[in-house]
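Listed below are the residues making up each chain.
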Amino acid sequence: MESVVTLSGGDAGELLTLQRAAYVTEAQAHDDVNLPPLMQPFAELVSELTQPDVLAFGLRDDSRRLVAAVRVYLSLPELHIAELGRLVVAPDMQGRGRGSRLLELVEERLPEQITDLQLFTGERSLGNLRLYSRFGYQETHRTPTPGGYALVHLAKRVR
């Protein structure tokens, strides 16, 4: 049985390994090895995980391996909006409902003042786009990237 864990700076090494493994397929789909999650320095991730306006949690399997994780950023100019980011699932665990479980957990654990969630993903991330659509996220706009593809921005009202 998997357990839900809150992630902190002490989990940064394992989280960075998971993040990089999960984003390899995104890099391949978008023909862009310079995706920010692949380039994030360890010290930056440690700092991010210690910020009070970042909620970070994940799923550990029976062997205590971190198999999925997500971060929620609360410090936006509009205090009722949070940004969901870096939802990652270990490549060997994808397609088994862990991404869906993380999205459910995000909504369960949001502070009461948050009424809207926003996120973005690459336009070639078809699995991600299907997942977010199933959870009620709707496209708000697209922004071009230097890599020649667009980021798809999505939002959802949660309360």
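Only a predicted model underlies this, so the values are computations on that prediction, with no experimental measurement involved. (Residues numbered from 1 in each chain as written. Predicted model: local features only at pLDDT ≥ 70, side-chain atom pairs only at ≥ 80, totals over all residues. Heavy atoms only, no water.)

Colleague: So what's going on with the environment of Ala27? Which residues, and what values?
Modeller: By secondary structure assignment, the location of Ala27 is in helix α1 (residues 12–30). Note: C-alpha distance between Ala27 and Arg159 (132 residues apart in sequence) is 34 Å. Those residues within four positions of Ala27 in sequence are excluded, and the remaining contacts are Asp32, Val33, Leu35 and Leu38. (Helix = DSSP H or I, 4+ residues; strand = E, 2+ residues; numbered from the N terminus. Contact = heavy atoms within 4.5 Å.)

Colleague: I'd like a rundown of the pattern of salt bridges, residues and numbers included.
Modeller: Tallied over the full model, the rule gives 11 salt bridges. Its salt-bridge partner being Glu2, residue Arg98 comes within 2.3 Å of it at the nearest N-O pair. With Arg98 in helix α4 (residues 98–109) and Glu2 in the segment before β1 (3–6), the pair connects residues that are 96 residues apart, well separated along the chain. On the basis of relative accessibility, which here comes to 13%, the residue Arg98 falls in the buried class. Classification of Glu2 by relative accessible area gives partly exposed; the value is 26%. A salt bridge links Arg65 to Asp92, with the shortest nitrogen-to-oxygen separation between them at 2.6 Å. Within this pair, whereas Arg65 is found in the loop between β2 (54–60) and β3 (66–73), its partner Asp92 is found in the loop between β4 (81–89) and α4, the two being separated by 27 residues in sequence. Classification of Arg65 by relative accessible area gives partly exposed; the value is 31%. It is possible to trace a salt-bridge network through shared partners that takes in Asp11, Glu14 and Arg60. (Salt bridge = Lys/Arg side-chain N within 4 Å of Asp/Glu carboxyl O. Buried < 20%, exposed > 50% of the residue type's maximum accessible area, 1.4 Å probe, protein only.)

Colleague: Break down the side chain of Arg86 for me, with residues and values.
Modeller: Tracing the sequence through the fold places Arg86 in strand β4. Look at Arg86: it is buried, it has no salt bridge, and the nearest opposite charge is Glu48 at 5.0 Å. Within the structure, the side chain of Arg86 is placed 2.8 Å from the side chain of Gln40, a separation counted as a polar contact. For Arg86, the residues in contact, after removing those within four places along its chain, are Gln19, Tyr23, Pro36, Pro37, Gln40, Ala69, Val70, Arg71 and Tyr73. (Lys, Arg positive; Asp, Glu negative; His and termini not counted. Polar contact = N/O pair within 3.5 Å; in protein donor to acceptor, adjacent residues only side chain to side chain.)

Colleague: Can you tell me about unusual backbone geometry, naming the residues and giving the values?
Modeller: Even without glycine at this site, Asp31 takes up a positive phi of about 50 degrees. Following the sequence through the fold, Asp31 ends up in the loop between α1 and α2 (36–39). Looking at Asp31, the relative accessible area reads 70%, which means it is exposed. At Arg64, a residue that is not glycine, the phi angle is positive and equals roughly 75 degrees.

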